Structure formats: structure tokens, C-alpha cells
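# Examination of the molecular architecture
Listed below are the residues making up each chain.
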Amino acid sequence: MDIAGIDPAVVAEVECETSELLSALIQIDTSNPPGDETKVAEFMAAWFAQRGVTGGQIVGEPEHRRSFVLTLDSGLPGPSLLLLAHEDVVPANAADWQVPPFSGLIRDGYVWGRGAVDIKNLVAAHACAAARLAASGGPARGKLVYACTADEEEGSVGGARWLVRNRPDLVRTDYVINEGGGHFLERAGRRVYILESGEKGTAQFRLIVKGEAGHASVPLRSGNAVVAAARVVEALVSHELPLVIDDSSEELVRLLVDSPALRERLRDPRTAREALAQLARRDVQLADMIEPLYGFAFSPTIVHSNSAAVNVYPTRVELSVDCRMLAGHDEQEVLTEVRTALDGVEADWDLEWVGPVVRGNSSPYPTPLAEVLGATLERYVPGAELANSHSVGFTDSNWFRAAYPDTVAYNFAPHLVEGYDEVTPRYHNVDERILIRDLAFQSLFAEAVARELLS
Ligand SMILES: [Zn+2]
């Protein structure tokens, strides 16, 4: 598939440059834990230096978990744009893969390996975009910042979170483009790219269900913590949670659901749940995308009893529950719904949060950045449309929006050839790979956006 308006020789050159760089990055194992991302930071510093682009800095702590930040400053007033991606990857079990996960193998038009779509592809694509911009004299006005950061996949203590707190001089910009969005869906003859302007937060919790100890040969009439925990699980998952319909789902419904009647029902909180079930019967993928944007859900994932033997009643059963809140909502609402769900349930329980509670957040939409993204997309993929949505997971964009209220952070790195259903199952999965044409497109796209925004 050609890229409209770009000389095929340029595309070929960028394919070569980005795939070589991505392959090299995949070969640097930054599985998190432990991360060891400083190896990537040092590699990128050397990569830019070889191209005559100096002035980048390796920053952060601890020493083996550092980030790399480079600024191309025009010296003239104007907007500032940060191209962001993280250096770490999730671990890979080589035995399950077709190719060694840290080989960076180039085969069948793909670069293979852990990080190929999450998200060393963007570390490479953004770097090549910044290097080409630098080679042609840098941004016309304002400044471009390139950053690849540590510690995204597990907790984010260093990396982006550290940078926004400790080095605003380096990373505080008007605009941020980060991983997450950019996948496209095709419905009823239109191609729609998902732009994520916000993301859900997390309020994961543990319910401690208490019981009476005793010998299990004597049935307890009440007080068995396992039985009580079962009631708690059943009550949590059958509880009807409040339905929220906001702009995180509005454009997905408007642009991707073809039936006008179904669209109306999906927008009405009184009918949305039933309409969603109807949508799932005809388009399960789209329904799966919309459902988490209707509010929070309780998803029990781990059950633990403190009994060490099958013939002993436990005094304590722990239920871990995943829960993600939409931007603008908080953990108090979660607590209220847990209480409502468990009201009248025969169980003695306490709640504790698992890890830090992180509230979701969002940037305004549309903005000048959204306009440039839309216009650039229209230029390269004629007829394609943007749909504003929110991520149901977590990305580093959250730290930027929380620390710098005026910064607009969007998750957007578009693919050209492979769509949402082909690319997203490869995240955190075996045989992770990216089509080289898509990798080059991400780079050319980022370059064009930077040139336009900083012109
Ligand atoms: Zn990622």
C-alpha cells in the first residue's frame, strides 16, 4: 500500500532506517521487571550523536532506569511538542514464540520481537522523525522534544512520572503525542482512526472477608469465610453499576455504529446496556471497545484463603478486584458502589486499595493538535476520519495531564495497512511484530505533524 503524496523512494528509505533501529532496540532486553532501560537511553544518545544531533540528555533515577530526552529548539517563539514513548517492555517466554523474542528478526515484511508494537516501534519512529527534522534545519518555530522513558509497564515510579516532577525544564510542552491510539477500524466503507484524548484511572481493591476458624469436619452454619466470599463475588458481579455516557464513547458510537436506531439507544443510559448486548451480537469487537467506556466495572481476579489445610476453616479470604474509573470520576464512587452492592450480603468484610489509586484524566478535544493530526491523516489516507475516545488502560500521558494542566496529551500513532483487530491482539502477547510499512508510516506521520505544528 503506497502512502498518498509521499515519494516511494522516501518511504523505502524510512522503512530501512526505522526497521534497522527497531530491530536493534528489540535486541536490548528491557523486560520490566527489572527494566534496565539505561541501556536504551545510552543507545539512543549514541544513535542521535552518530547523525550529528547532539544535546540530548540521559536523565532519571535509579541509575539503571534512566530516560533519554532531546530538544530541537528553533530559538523562536512558538508551540512546543513532545514525542513520547517508553523504553521498557513486558517479559516474554521464548518457548511460546515462533522466533526468539529479543532477536529483532526482520522477516516477511515485519520486524519481530518484544516491543515491536508496545512500544519500541514508537521509540524508533519518533527518533527517525526527529533526526530527519534536525537534518533539514529543525523546527521553523517553537521546539520539538523527543523522549524515550523508563518504567511504564510496572507502576511508573521512575520514567515519565519522575521526569514531570523533577525535570519540567526538559519535558513541559504545550503538546504531547504518546502511544495508545492510532488503530483504525473499517465499518460501512469508512476508515476511522481512534485518537485517545484521555484514559481511565485505576482503583483496584482487595476485600478481606473474615470468618471463624475451626475443624472442617464440623459444618459451620455460618461464619465460613469461603462461603461468604462466594456471596460477595456473586453480589459484586451482578450489581448494576451506574452507566455513564460521555464524550469518551460518543464519537465511537456516532462514527462506527451504522444503524441510526441502535445509535440512539446506545446514547440513552436507560437503553444503553440492552443496546450494547444487541451490538455485541453483530459486532463484538466494537461492543468490547465501547463497553468499558460506559463507567467502571468490578472484575474479581484473585481469591486467596489463609487456610493451610483442606480440613481447616480459614479466618480470612482475600478477593482482589480490578476496577477502572473514567476520567472525572473518583474512588469515593467506587467505595459507594461496593457498599451498595454488598448491602444485606451475609459477610464480614473490609476494603483496602491495591497499589496507588490513580484517577483518570483527559485533555480537551478538539485542539490545534487534533486539527493537525486530522489534516495530516486526510493528506496521507484520504477519506480517513478521527474518532475521539479514551484509553481503557493506562499510559504515561496521565502523568503529563496531571502535572501540567495546560498540556494537551493525545495517544496517537497511526498504522496504515494493518487494522485494530490485527495489531491490538499482539500487545503483551507472543509473536509480537509490526509491519515495516506501518512502522515507516508512524515515523513519516510524526515528522509531518511536527513540521506542520511547528511551522
Ligand atoms: Zn506501552
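All of the points below concern the structure found in this document.

## A short note on the overall build of the protein chain
Along its length, the protein chain carries 15 helices and 21 strands. Taken over the C-alpha trace, the protein chain has a radius of gyration of 24 Å; the compact-globule value for 455 residues is 23 Å, and the two agree within 12%. A principal-axis box enclosing the C-alpha atoms of the protein chain has dimensions of 80 × 55 × 45 Å. Evaluated residue by residue, the protein chain yields a buried proportion of 53% over its 455 residues. For the protein chain, long-range pairs separated by at least 24 residues make up 79% of all intrachain contacts whose partners lie at least 6 apart in sequence.

## Structural notes on the packing of aromatic side chains
Any aromatic ring pair is given by two values, namely how distant the centres are and how the planes are angled relative to each other. Summed over all chains, the structure comprises 16 aromatic pairs. Ring plane angle 25 degrees and centroid distance 5.8 Å describe the contact between F48 and F68, whose orientation is recorded as stacked. With F48 in helix α2 (residues 38-50) and F68 in strand β2 (residues 67-73), this pair connects stretches of sequence that are 20 residues apart. Across the pair, exposure class does not vary: F48 and F68 are buried alike. Between the aromatic rings of F441 and F445, the centroid separation amounts to 6.0 Å while the plane-to-plane angle is 50 degrees, which identifies the pairing as tilted. Of this pair, F441 and F445 are both found in helix α15 (residues 436-453), 4 residues apart, which corresponds to roughly one turn of the helix. We note R191 situated over the ring of F184; from NZ or CZ to the ring centre the distance is 3.6 Å.

## So, the pattern of salt bridges
Overall, the coordinates contain 29 salt bridges when judged by the stated rule. D258 is the salt-bridge partner of R282, the closest N and O atoms lying 3.1 Å from each other. Pair noted here: R282 is in helix α9 (residues 272-282) and D258 is in the loop between α7 (247-256) and α8 (260-266), with a separation of 24 residues, a long-range link. For R282, a relative accessible area of 48% gives the class partly exposed. Looking at D258, the relative accessible area reads 52%, which means it is exposed. A salt bridge links E418 to R426, with the shortest nitrogen-to-oxygen separation between them at 2.9 Å. Exposure class is identical for E418 and R426. Each is buried. It is possible to trace a salt-bridge network through shared partners that takes in E17, R51, R132, E447 and R451.

## Some words on the coordination of the zinc ion
When a metal holds four donors in a tetrahedron, each ideal angle between them is 109.5 degrees; when it holds six in an octahedron, the ideal angles are 90 or 180 degrees. Every protein donor of the zinc ion is accounted for by H86 (NE2), D118 (OD), E179 (OE) and E179 (OE), and the metal-donor separations fall at 1.9 to 2.7 Å. Here the zinc ion is ringed by 4 donor atoms whose angles at the metal span 51 to 148 degrees, and the overall shape comes out irregular. Along the chain, the residues that donate to the zinc ion are spaced as H-x31-D-x60-E. Here the residue D118 occupies a position in the loop between β5 (110-112) and α3 (120-135), and E179 occupies one in the loop between β7 (175-178) and β8 (184-187), the gap between them amounting to 61 residues. Accessibility classification places D118 together with E179 in one group, the buried group.

## Structural notes on the sheet that holds strand β17 (residues 348-353)
Ordered by their spatial adjacency, 4 strands build an open sheet running β13-β15-β11-β17, and the pairing between neighbours is antiparallel. Of all strands in the sheet, those bounded by a partner on one side alone are β13 (299-305) and β17. The sheet shows a mean angle of 20 degrees between the axes of neighbouring strands, taken without regard to direction. Sheet analysis places strand β11 (residues 205-210) next to β17, joined by 6 bridges and oriented antiparallel. Note on β17: the bridge partner recorded for F205 is W353. Helix α6 (residues 225-238) rests against β11, β13 and β15 (316-322) of the sheet, and its axis sits at about 20 degrees to β15. Strands β11 and β17 of the sheet are contacted by helix α11 (residues 331-342), whose axis makes an angle of about 165 degrees with β17.

## Considerations on the nonpolar core
Of all hydrophobic cores here, the largest spans 71 residues; its most connected members are M44, F48, L81, L144, Y146 and L373. Those residues in contact with L81, other than ones at most four positions away along the chain, are K143, L144, V145, T173, Y175, V176, I177, A450, L453 and L454. Within the second largest apolar cluster, 24 residues are counted, among which are L243, V244, L262 and A387.

## As for the side chain of H183
Structurally, the position occupied by H183 is in the loop between β7 and β8. On the basis of relative accessibility, which here comes to 5%, the residue H183 falls in the buried class. Among the polar contacts made by the side chain of H183, one reaches the side chain of Y427 at a distance of 3.2 Å. If near-sequence neighbours (up to four positions away) are discounted, H183 is found in contact with V192, Y193, I194, H415, Y420, V423, T424 and Y427.

## Section: the sheet that holds strand β4 (residues 106-107)
Strands belonging to one sheet form pairs held by backbone hydrogen bonds; the direction of such a pair is parallel or antiparallel. Strand order across the open sheet formed by 3 strands is β4-β5-β21, with antiparallel pairing between neighbours. In this open sheet, the two strands that pair with only one neighbour each are β4 and β21 (433-435). For β5 and β21, the ladder comprises 3 bridges, and the chain directions are antiparallel. When the sheet's bridge partners are listed, W112 is paired in β21 with R433. The sheet strands contacting α15 are β4, β5 and β21, and the helix crosses β21 at an angle near 75 degrees.

## Remarks on the packing of α3 against α15
Contact geometry of α3 with α15 gives a least axis separation of 8 Å together with a crossing angle of 45 degrees. Regarding the angle of α3 to α15, the classification is oblique. Every pair of crossing elements has a handedness; the one defined by α3 and α15 is right-handed. Along its contact with α3, which presents N121, L122, A125, H126, C128, A129, R132 and L133, the element α15 presents L439, Q442, S443, L444, A446, E447, A450 and R451. Classifying every residue of the contact of α3 with α15 by side-chain character gives 9 nonpolar, 4 polar and 3 charged.

Criteria and thresholds
- Residues numbered from 1 in each chain as written.
- Predicted model: local features only at pLDDT ≥ 70, side-chain atom pairs only at ≥ 80, totals over all residues.
- Heavy atoms only, no water.
- Helix = DSSP H or I, 4+ residues; strand = E, 2+ residues; numbered from the N terminus.
- Rg over C-alpha atoms; globule rule 2.2 N^0.38 Å.
- Buried < 20%, exposed > 50% of the residue type's maximum accessible area, 1.4 Å probe, protein only.
- Contact = heavy atoms within 4.5 Å.
- Phe/Tyr/Trp six-rings, centres within 6.5 Å; stacked < 30°, edge-to-face > 60°.
- Lys NZ or Arg CZ within 6 Å of the ring centre and 35° of its normal.
- Salt bridge = Lys/Arg side-chain N within 4 Å of Asp/Glu carboxyl O.
- Donors = N, O, S within 2.8 Å, 3.2 Å for Na, K, Ca; no water.
- Tetrahedral: all angles 85-135°; square planar, octahedral: opposite > 155°, others 65-115°.
- Pairing = 2+ DSSP bridges.
- Axes fitted to C-alpha atoms, helices over the stretch in contact; angles between N-to-C directions.
- Core = buried A, V, L, I, M, F, W, Y, C linked by side-chain atoms within 4.5 Å.
- Polar contact = N/O pair within 3.5 Å; in protein donor to acceptor, adjacent residues only side chain to side chain.
- Parallel < 35°, antiparallel > 145°, perpendicular 65-115°, else oblique.
- Left-handed = near helix turned anticlockwise from the far one by under 90°.
- Nonpolar A, V, L, I, M, F, W, Y, C, P; charged D, E, K, R; others polar.

Function-wise, these values are silent; they only describe arrangement.
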